Amino acid sequence: MLAERAARLPHRKWAVIGPNYEYGRRAWETFWARLKELKPDVQMVGEHWPTLGKLEPGGYVTALLSQQPEALYVSLFGSDWLAFAREGGNRGLFKKTFTVGILLASPSISTR
């Protein structure tokens, strides 16, 4: 369902950040496969798979800002998500990137 909504958005350049284990990768693979099916011209500009519970957000936010995705899929949760959200918010990531994720409270934390 999230991929179907994302396919209606204008964003074509996507990145992902999620925990490096089955849940994080599988959630992305399912989303990405459906999004590509619905909108074949989307492209992936970055994949990031930090170790669960050991996220150091600064480097990931820097990498994402340099990759300039139009949209970001997040499957982080718990303390990893909190640290990433704090760092991304402080550095303007969410003002530049439409953000979606299956565990986020709304379809986007972005105001774009």
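Just above, that's the structure.
Small disclaimer: the values here were computed from a predicted structure and weren't measured.

A.B. asks: Which parts of the structure should I look at to understand the pairing of strand β1 (residues 13–17)?
C.D. replies: Put simply, side chains in a regular strand alternate between the two faces of the sheet. In terms of burial, β1 is largely enclosed, as four of its five residues are buried. Note that β1 and strand β2 (residues 43–48) share five bridges and pair parallel. Across the sheet, the residue bridging to A15 is G46, located in β2. Assessed by its sense of winding, the connection that carries the chain from β1 through helix α2 (residues 22–38) to β2 is right-handed. As paired elements, β1 and strand β3 (residues 71–74) share four bridges and run parallel to each other. Following the sheet pairing, I17 is matched in β3 by V74.

A.B. asks: Looking at this structure, I do not really get the pairing of β3. What am I missing?
C.D. replies: Alternating positions in β3 separate into two faces, A71 and Y73 on one and L72 and V74 on the other, with burial throughout. Sheet analysis places β3 next to strand β4 (residues 98–100), joined by three bridges and oriented parallel. Along β4, the bridge assignment pairs A71 with F98.

A.B. asks: Please explain the nonpolar core as it appears in this structure.
C.D. replies: Most often, soluble globular proteins have nonpolar side chains that are buried together. Residues W14, W28, F31, W32, L35, Y73 and V100 are the most contacted members of the largest nonpolar core, which totals 16 residues. Breaking this core down by element, the ones donating at least two residues are α1 (2–7), β1, α2, β3 and β4. A per-element tally of this core places α2 first, with five residues.

A.B. asks: I tried to follow the side chain of H48 on my own but got confused; where do I start?
C.D. replies: Assignment of secondary structure puts H48 in strand β2. Looking at H48, the relative accessible area reads 9%, which means it is buried. A distance of 2.8 Å separates polar atoms of two side chains, one belonging to H48 and the other to Q67.

A.B. asks: Looking at this structure, I do not really get the packing of helix α3 (residues 57–67) against helix α4 (residues 78–90). What am I missing?
C.D. replies: For any two helices packed against each other, the geometry is given by the interaxial angle and the distance between the axes. Contact geometry for α3 and α4: axes closest at 9 Å, N-to-C directions at 50°. Overall, the two elements α3 and α4 adopt an arrangement that is oblique. Seen from above, α3 lies across α4 with right-handed handedness. Taken together, the residues of α4 that come into contact with α3 (itself represented by P57, G58, Y60, V61 and L64) are A83, F84, E87 and G88. Grouping the amino acids of the contact of α3 with α4 by side-chain chemistry returns six nonpolar, two polar and one charged.

A.B. asks: Explain a nonpolar patch on the surface to me, please; I cannot follow it from the model alone.
C.D. replies: Judged by side-chain polarity, Y21, L52, F77, I102 and L103 come together as a nonpolar surface patch covering roughly 430 Å² of accessible area. Here Y21 falls in the partly exposed class, since its relative accessible area comes to 33%.

A.B. asks: When you look at the environment of R86 in this model, what are you seeing that I'm missing?
C.D. replies: Mapped onto the elements, R86 comes out in helix α4. R86 sits in the exposed class, given a relative accessible area of 55%. The spacing of R86 and P57 is 29 residues in sequence and 8.8 Å in space, taken between C-alpha atoms.

Rules used in this analysis
- Residues numbered from 1 in each chain as written.
- Predicted model: local features only at pLDDT ≥ 70, side-chain atom pairs only at ≥ 80, totals over all residues.
- Heavy atoms only, no water.
- Buried < 20%, exposed > 50% of the residue type's maximum accessible area, 1.4 Å probe, protein only.
- Helix = DSSP H or I, 4+ residues; strand = E, 2+ residues; numbered from the N terminus.
- Pairing = 2+ DSSP bridges.
- Right-handed = clockwise from strand over helix to strand, strands pointing away.
- Core = buried A, V, L, I, M, F, W, Y, C linked by side-chain atoms within 4.5 Å.
- Polar contact = N/O pair within 3.5 Å; in protein donor to acceptor, adjacent residues only side chain to side chain.
- Axes fitted to C-alpha atoms, helices over the stretch in contact; angles between N-to-C directions.
- Parallel < 35°, antiparallel > 145°, perpendicular 65-115°, else oblique.
- Left-handed = near helix turned anticlockwise from the far one by under 90°.
- Contact = heavy atoms within 4.5 Å.
- Nonpolar A, V, L, I, M, F, W, Y, C, P; charged D, E, K, R; others polar.
- Patch = residues over 30% accessible without salt bridge, like charges linked within 9 Å, V, L, I, M, F, W, Y side chains within 5 Å.
- Areas by Shrake-Rupley, 256 points an atom, 1.4 Å probe, with all protein chains shown as cover.
- Salt bridge = Lys/Arg side-chain N within 4 Å of Asp/Glu carboxyl O.

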